[in-house]
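Commentary on secondary and tertiary structure
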Amino acid sequence: MGIDVGLELLKKYQIPNAEANIVTGNQVIAEFLEYCGEAACYYGDNYLYGLLQLREKYISNPEYIDKLYAILAKYDYNIVYDIKLAIHELAFLSDPNCNKKKIEFLLRLPYIQDISYDSQGSFKIISDELGEFEFICAKYYFMKYCNSILDYMEYSLMKKVCHAHPERLAREMELEKLYTITSLCAFAFKGSFYHSYVYDVARNVVIDLTLKSVIDKCAFDKIYTPKEIYRVINRDLEKEIRIADRNTEQSYLRYPVLRLALYKQFLQERNGNKFY
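Reading the values: the criteria
Residues numbered from 1 in each chain as written. Predicted model: local features only at pLDDT ≥ 70, side-chain atom pairs only at ≥ 80, totals over all residues. Heavy atoms only, no water. Helix = DSSP H or I, 4+ residues; strand = E, 2+ residues; numbered from the N terminus. Rg over C-alpha atoms; globule rule 2.2 N^0.38 Å. Buried < 20%, exposed > 50% of the residue type's maximum accessible area, 1.4 Å probe, protein only. Contact = heavy atoms within 4.5 Å. Areas by Shrake-Rupley, 256 points an atom, 1.4 Å probe, with all protein chains shown as cover. Lys, Arg positive; Asp, Glu negative; His and termini not counted. Charge placed at Lys NZ, Arg CZ, Asp CG, Glu CD. Pairing = 2+ DSSP bridges. Patch = residues over 30% accessible without salt bridge, like charges linked within 9 Å, V, L, I, M, F, W, Y side chains within 5 Å. Salt bridge = Lys/Arg side-chain N within 4 Å of Asp/Glu carboxyl O. Phe/Tyr/Trp six-rings, centres within 6.5 Å; stacked < 30°, edge-to-face > 60°. Lys NZ or Arg CZ within 6 Å of the ring centre and 35° of its normal. Core = buried A, V, L, I, M, F, W, Y, C linked by side-chain atoms within 4.5 Å. Disulfide = S-S within 2.5 Å. Axes fitted to C-alpha atoms, helices over the stretch in contact; angles between N-to-C directions. Parallel < 35°, antiparallel > 145°, perpendicular 65-115°, else oblique. Left-handed = near helix turned anticlockwise from the far one by under 90°. Nonpolar A, V, L, I, M, F, W, Y, C, P; charged D, E, K, R; others polar.

**A closer look at the overall build of the protein chain**
Within the protein chain, the secondary structure is distributed over twelve helices and eight strands. Rg of the C-alpha trace for the protein chain: 20 Å, near the compact-globule value of 19 Å for 276 residues, within the 12% margin. The C-alpha extent of the protein chain, read off along each of the three principal axes, is 55 × 45 × 30 Å. Classification of the 276 residues of the protein chain by burial places 53% in the buried group. Sequence separation of 24 or more characterises 60% of the internal contacts of the protein chain that already satisfy a separation of 6 or more. If you sum the accessible surface of the protein chain, you get close to 13,400 Å²; carbon and sulfur atoms cover 50% of it. Across the protein chain, the mean location of the 35 positive side-chain charges is 4 Å away from that of the 38 negative side-chain charges.

**Side note on the pairing of strand 2 (residues 122-127)**
Burial along strand 2 is one-sided: Phe-123, Ile-125 and Ser-127 are buried, while Ser-122, Lys-124 and Ile-126, pointing the other way, are not. Of the pairings in the sheet, the one linking strand 1 (residues 114-117) to strand 2 comprises four bridges and is antiparallel in character. Each residue of the ladder has a partner; that of Ser-116, found in strand 2, is Lys-124. Here strand 1 folds back onto strand 2, and the loop between the two strands holds four residues, one of which, Ser-119, carries a positive phi near 70 degrees. Here six bridges tie strand 2 to strand 3 (residues 131-137), and the two strands are oriented antiparallel to one another.

**Brief notes about a positive patch on the surface**
A contiguous patch of positive charge on the surface is contributed by Lys-177, Arg-235, Lys-239, Arg-242 and Arg-246. Within the secondary structure, Arg-235 sits in the loop between strand 8 (227-233) and helix 11 (237-247).

**Considerations on the packing of aromatic side chains**
Under the criterion given, the structure shown has 13 aromatic pairs. Between Tyr-77 and Phe-189, the aromatic rings sit 5.6 Å apart at their centres with planes inclined by 50 degrees, giving tilted as the arrangement. Here Tyr-77, found in the loop between helix 4 (62-74) and helix 5 (81-91), pairs with Phe-189, found in the loop between strand 4 (178-186) and strand 5 (192-200); they are 112 residues apart in sequence, far enough to count as distant. We note that Tyr-77, like Phe-189, is buried. Taking the ring centre of Tyr-252 as reference, the NZ or CZ of Arg-259 above it sits at 4.3 Å.

**Quick word on the pattern of salt bridges**
Pairs can form between side chains of opposite charge whenever their charged atoms are close. Counted under the stated rule, the structure contains 15 salt bridges. Close ionic contact of Lys-102 with Glu-89 constitutes a salt bridge, the shortest N to O distance being 2.9 Å. Taken together, the positions of Lys-102 in helix 6 (residues 100-106) and Glu-89 in helix 5 put the pair 13 residues apart, joining distant regions of the chain. Judged on exposure class, the residue Lys-102 and its partner Glu-89 are both buried.

**Topic: the nonpolar core**
Ile-83, Leu-90, Ile-125, Phe-135, Phe-142, Phe-189 and Leu-209 are the most contacted members of the largest nonpolar core, which has 76 residues in total. Per-element accounting of this core gives the leading share, seven residues, to helix 5. When sequence neighbours within four positions are dropped, the list of residues in contact with Leu-90 reads Lys-102, Ile-103, Leu-106, Ile-115, Phe-123, Ile-125, Phe-135 and Cys-137. Among the nonpolar cores identified, the runner-up in size contains 18 residues, and Tyr-13, Ala-244, Tyr-263 and Phe-275 belong to it.

**Here we look at the state of the cysteines**
Here is the idea: a disulfide is a covalent bond, and it sits between the sulfur atoms of two cysteines. Counted under the stated rule, the structure contains zero disulfides. This cysteine, Cys-98, is not joined by any disulfide, and Cys-137 carries the nearest cysteine sulfur, 12 Å off. A relative accessible area of 1% means that Cys-137 is categorised as buried.

**Structural notes on the packing of helix 2 (residues 15-36) against helix 3 (residues 47-58)**
Between helix 2 and helix 3, the least distance of the axes is 9 Å, while the angle of their chain directions is 25 degrees. When the interaxial angle is binned, helix 2 and helix 3 end up roughly parallel. Crossing angle aside, the handedness with which helix 2 passes helix 3 is left-handed. Residue-level contacts link Asn-21, Ile-22, Gly-25, Asn-26, Val-28, Ile-29, Phe-32, Leu-33 and Cys-36 of helix 2 to Tyr-47, Gly-50, Leu-51, Leu-54 and Tyr-58 of helix 3. Looking at the contact of helix 2 with helix 3 residue by residue, the classes come out as ten nonpolar, four polar and no charged.

Have a look at this one:
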């Protein structure tokens, strides 16, 4: 039995970073709750959800919100994550047209100054410090020509299975000039994680179903600061996965797209290319 080179790379680039972010995120929550005089609460790997809850609870109290962001800054929070969370909040609305309360809430956050909506699923978030971020809710994007993807989004888990989505998109949209990309992307506090998504070259947008969004590529890059490992045109994706599986002994519990990316990263690192 050979070495699982994918696992070695995960141990090097993602697993310790994920653990460190869980510790840091929960430490932020603990310090903030202590300041508020509340009992401690541990959210585990759902620390971002915990931070969202606390923001919603204390948004009407500027003193507490200022304190929360001071604690976040103390722990080197990647503030562009506020934009990522805002996109998530808007794109996951059951009806994006019913967005008034959500937008009012988001506009009270310190790094978001304006949000516009065109009544056709497209939002623009404006931050004086971070810039502009345009996206369209994925269901509006696919409504025009791919109902099967709408069904997939309706009945499948979206949030934590980024490596599964490109395979489905490749099967449904193989004639399009779309690329599957896997990159190392920035965590909320420190380090990186593996993230897979689809890039539409013609429109210069990223299809990221973990956010149920189709995002302008420049905006996506500002949010994720991706270090691209590998890209493959979707019509060749299954062939490339088979090659990776023939040449490495990786766990089949791992998503095929991730196995492919880890194989390609292994080859690059063997040739001296590092991803730090």
